[in-house]
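# Coordinates in review
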Amino acid sequence: MDRRQLLALGGLAFPALGWAQSAASAAGRVLVLVELKGGNDGLNTVVPYAHPTYAQLRPSLALKADEVLRLDGALGLHPSLAPLIPMWEKRELVVLLGLGYPQPNLSHFRSIEIWDTASRATEYLDEGWVARAMSAGLRQSQRHTTEGVAIGSASLGALSGANAISLTNAEAYVNQARLLRPANAQGNAALEHVLRVESGVLQAADGLRGQAVTMATEFPPHTFGQAVRATCQIVAGQKGRGGVPVFHLTHGSFDTHRGQLGTHANLLKQLAEGLAALKAGLEQAGAWERTLVVTYSEFGRRARQNQSGGTDHGTAAPHFVLGGAVKGGTVIGTMPDLDRLDGSQNLVHTADFRQLYATIARRWWGVNPEPVVRGTFDLLPFLEV
Amino acid sequence: MSTTLPARLSSADARHLLGRTGFMPSPAEVSAWVGLAPADAVDRLLTGARRSTPRHAAPAFTREPIRTPYGRLPDEDARRAARQQARADIVSLAAWWLQEMRESPAPLAERMTLFWHNHFATSMQKVQQAQGMFVQHQLLRQHALGSFRELLHGVARDPAMLVYLDGAANRVEAPNENFAREVMELFTLGEGHYVEQDIREAARAFSGWTVNREEWTAQFRPRLHDNGEKTLLGRRGRFDAGAALDVMLDQAAAPAFIVGKLWREFVSPTPDAAAVEPIAQRFRSSGWRIDAAVRELLLSDAFWAPANRAVLVKSPVELAIGALRQFEIQLDSALPLVAVTSRQGQMLFDPPNVKGWPGYTAWITSTSLLDRKRFTERLFRALEAGDEGAMMNANASPMVRELMQEARARERRALRQARMEAPAGQSFGMRFDAESWLKPLGASPDREPDGAAREKLVEAVLSAPPVQPVPAGTVGLSYLRALSLDPVYQLK
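Per chain, residues are indexed from 1 in the order of the written sequence. Just so you know, chain letters begin at A and ligand numbers begin at 1, following the order they were written in. In keeping with the predicted nature of the model, local features appear solely for residues at pLDDT of at least 70, side-chain atom pairs appear and are counted solely at 80 or more, and the whole-chain, interface and lining totals rest on all residues. Note that the side-chain values use all heavy atoms of the structure and ignore hydrogens as well as water.

### Regarding the overall build of chain B
How we decide: We count a stretch as a helix when DSSP gives it H or I for four or more residues in a row; a strand needs E for two or more, and each element gets its number in order from the N terminus. Note that the radius of gyration is over C-alpha atoms, with the globule rule given as 2.2 Å times the number of residues to the power 0.38. Only heavy atoms matter for contacts: two residues are in contact if any of them lie within 4.5 Å across the pair.
A tally of helices and strands in chain B yields 23 helices and 6 strands. Taken against the 2.2 N^0.38 rule, which gives 23 Å for 492 residues, the C-alpha radius of gyration of chain B at 24 Å falls within 12% of a compact globule. Principal-axis analysis of the C-alpha atoms places the extent of chain B at approximately 75 × 65 × 40 Å. Here the analysis covers contacts within chain B between residues at least 6 apart in sequence; of these, 73% occur between residues at least 24 apart.

### As for the overall build of chain A
Short version of the rule: Note on classification: 1.4 Å probe, protein chains only; a residue is buried when its accessible area is under 20% of the maximum for its type, exposed when over 50%, partly exposed between these limits. Here Asp and Glu are counted as negative and Lys and Arg as positive; His is not counted, and neither are the chain ends. For the purpose of locating charges, the reference atoms are NZ of Lys, CZ of Arg, CG of Asp and CD of Glu.
When helices and strands are tallied, chain A shows 12 helices and 12 strands. Taken over C-alpha atoms, the radius of gyration comes to 21 Å for chain A, in line with the 21 Å a tight globule of 385 residues would show. By principal-axis analysis of the C-alpha atoms, chain A measures approximately 65 × 50 × 45 Å. The buried share among the 385 residues of chain A stands at 56%. Contacts in chain A between residues at least 24 apart in sequence constitute 72% of all its contacts with a sequence separation of at least 6. Here chain A carries 34 positive and 32 negative side-chain charges, and the mean point of each set is 4 Å from the other.

### Some points on the nonpolar core
Which entries qualify depends on this criterion: In these notes, a set of buried Ala, Val, Leu, Ile, Met, Phe, Trp, Tyr and Cys residues joined through side-chain atoms within 4.5 Å is what counts as a nonpolar core.
With 221 residues, the main nonpolar core has Met112, Trp116 and Phe148 of chain B as its most contacted residues. By residue number, the principal contributor to this core is helix H4 (residues 76–103) of chain B, which donates 11 residues. Those residues within four positions of Phe148 of chain B in sequence are excluded, and the remaining contacts are Trp116, His119, Phe120, Phe187, Leu249, Ile258, Phe283, Trp288 and Ile290 of chain B. Leu31, Ala133, Tyr357 and Phe382 of chain A belong to the second-largest nonpolar core, a separate cluster that totals 46 residues.

### Description of the interface of chain A and chain B
Applicable threshold: When two components associate, each loses some accessible surface as probed by a 1.4 Å sphere; the sum of these losses over both components is called the buried area. Here, a salt bridge means any Lys or Arg side-chain nitrogen found within 4 Å of an Asp or Glu carboxyl oxygen.
In this assembly, 32 residues from chain A lie in contact with 33 residues from chain B. In total, about 2,800 Å² of surface goes out of reach between chain A and chain B, with carbon and sulfur atoms giving 61% of it. Together, Leu179, Arg181 and Arg258 of chain A form the three largest contributors to the area buried by chain A at its contact with chain B, with a combined 21%. In this assembly, chain A and chain B are joined by 3 salt bridges.

### Describing the pattern of salt bridges
Side chains that differ in charge, positive against negative, can pair when their charged atoms come close. Residue and element names in this part refer to chain B. Inspection of the entire model under this criterion finds 42 salt bridges over all chains. Here Arg83 makes a salt bridge to Glu76, at a shortest N to O gap of 3.3 Å. Accessibility expressed as a relative area gives 10% for Glu76, which makes it buried.

### Brief notes about empty space enclosed by the protein
Residues and elements named next belong to chain A. Here is the rule we go by: Cavities and pockets are found on a 1 Å grid laid over the protein atoms alone: a cavity is a set of points where a 1.4 Å probe fits but cannot escape, a pocket is an open set with protein on both sides within 12 Å along at least five of seven lines, and a lining residue has an atom within 4 Å of such a point. Grid points are joined across faces, edges and corners, and a volume is the space filled by probe spheres set on the points. Under this grouping Gly is polar, as are all residues other than the nonpolar Ala, Val, Leu, Ile, Met, Phe, Trp, Tyr, Cys and Pro and the charged Asp, Glu, Lys and Arg.
One pass over the full model with this rule turns up 2 cavities of 30 Å³ or more. Volume-wise, the second largest cavity comes out at about 60 Å³. Together, Asp41, Gly42, Leu43, Gly98, Arg301, Ala316, Ala317, Pro318, Met335, Pro336 and Leu347 line the second largest cavity. Looking at the lining of the second largest cavity, its residues break down into 7 nonpolar, 2 polar and 2 charged.

### Some thoughts on the pairing of strand E1 (residues 30–36) of chain A
All names here are of chain A. Short version of the rule: Two strands qualify as a pair provided DSSP detects at least 2 bridges between them.
The element E1 is extensively covered by neighbouring structure, given that 7 of its 7 residues are classed as buried. Where E1 meets strand E9 (residues 291–296), 6 bridges bridge the pair, whose relative direction is parallel. By the bridge assignment, Glu35 is partnered in E9 with Tyr296. Two elements, E1 and strand E8 (residues 246–251), share 6 bridges in a ladder whose sense is parallel. Note that in E8 the partner of Leu33 across the bridge is His248.

### Digging into the sheet that holds strand E3 (residues 69–70) of chain A
All names here are of chain A. Taken in spatial order, the 3 strands line up as E2-E4-E3 in an open sheet, and their pairing is antiparallel. Bordering the open sheet on either side are strand E2 (46–47) and E3, each of which pairs with just one other strand. Direction of pairing for E3 relative to strand E4 (residues 76–77): antiparallel, over a ladder of 2 bridges. Counted as the bridge partner of Leu69 is Leu77 from E4.

What follows is the structure, encoded as structure tokens:
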């Protein structure tokens, strides 16, 4: 039986083969996860400027209708996000509304763990959702230099459990890896584990070694801009090598309990500058069309501002999806109802964050999303592919 | 059946015993235990640990009046200052504990306290009260080798635990199941030995406890307690918190659950059910004496079996403290170690969640492994750069200074990541007398060790033969550095 017949049969008996097929075209695709650490205030990021309750909830924090960058008659972006507007106009930017999950946890640590592991609020998982995508077929379908790189944070977050590494800059990492030497030993399970991790580090270092790529793109001098530079350099240096499929970047802290207005404006400005530089750098590397950029955060913030000109821990929030392959220039989903808050006076989510991950698994990587998000979730229509 | 228990401890046996029950021992420490019968050695360990008290006073903040809760402070500036203070406090508390681990003549006492900190994992992140974390620490220290029953009852009434698992918010009209669930799943029975209904009934039994945050005391308020009849794990009664805990301890699963966890701590990653069972029975019949269970485990065939040596992974704390103890390196302040261990995934008083640190192979990730290797590499590079064989001081050598600057920078980064402020004005002196460390092993700082010395060095540094041969021509301290970079160095 040849492959074509097998696939034909498989179409009936093994629907999973459909994913395997698209997995082939997923080769070389890059996912950049941008974590807005500390809980970004969604209401002042994608602003319901026309909603009367918005201004009532936020006497001093509400942005005025004439300040925001209008996306439509109801929503506008924070003015600091101006560098994103060209992408919106080129239809390379999607706004997802109301992402959250049932029984929201307001602890930074626990909530980001829920997002990173794509778990229910009541279950504790060790592996990140990206690691589960690797097991669900992404690992077999591609030959990765390393399965993920976290830049600027030791924590691997969603990459935990994958063959992933963290670094601040690739050269320093390659330099540190000199402490390791290849070994062909065998031993007990613990030693085998150490040896396996060592070989992963060496493999990653091998993939990252090589001529430093000089980027013509100018990267912002702030920490996030430099993390973007490291990302672009790795992607640019990896042409034709299998490469790194997932990057994890962090930006913030967005934990704006007090005096939010200036801090938030500055953080969003850096975010937008960084994302614009990411696009420029990846275009220069010829990789923008095969890159998907996604923001996320452990939660949004309380709808009503507090007594200190800030906002306390909240729940649902909007997020951005960017890239050369997105069906952009649109807002997807429903804004949480400002007049119907939950028991903790928080927004009620209108979309589950696992829909986002399921869409990435299925549409970006071509793997079965069910083991990745541990259930069935409706996909979100933000990708052409 | 032949036993794997040695009649008398060889130096390899002594190193195994001391490394597993404390931190990596120095050759001098090992020699004091060679030739003992295992039972005598274990009894000496336990007696020493039971009598052990901290060598240094805990940080001053632990003796100050209980801090005003954030919520009672007048404004956000005061709250921000209080949060910063709490972060600085917890870092100094962690440094104090690491210093105790470094210097204790009875490291088993520290290891057992750490074991219970991981078992009854409680995090500063939620408790937000460094003084309260110290109160809990003292409770764990006090009962570390005593009665598990008393320890469990104490933890259930510990304010930090009541805050951490929302026990303080559990009242008759608004039950909170958090503690009830975790006490069965993680503290006493393990999954599969209770049902959801047991959790609801136990939560009723635990209701009524609150925390007076001005005094940091637990208070029972009968009016908030559900006094009704409950059915818990097949028993009926008007259980209160204490009675509910005793019902849990009456389950056959309870002693085996605890002994199994001690087994994974001290013996191997895979408890042998047949060997656990009799130890569990004696653990219970001894009145839940933890020292009795530990004694049985340390005198079991499994503990001494060659197949179970070097099968466990050093935690970051064990790695750092082990290196300092093993090479008898003195450090004026343990503060940099807080940053080092925190970067490697183990910030004391801040376990990742109520399950504690997952441990074993989870300690070793690509990120943490590079950091672990860098730690010993930098340590030895710094030491090598100093005057050969001389007493070394942080101020003497640029390399040592560099290490310390690196440690400070790391610390600042770690503290920033944990949103903590570094206490100002600390200096970190580091001293290592290479000559007198190497000499008894037949080695010297400026010579390549001969065959016999090489064997002794390997035995002193690694718990199993190295995976990577040390290149010929490697001299003195570089030899030790090479051994510390061997994959086997991560194991105990």
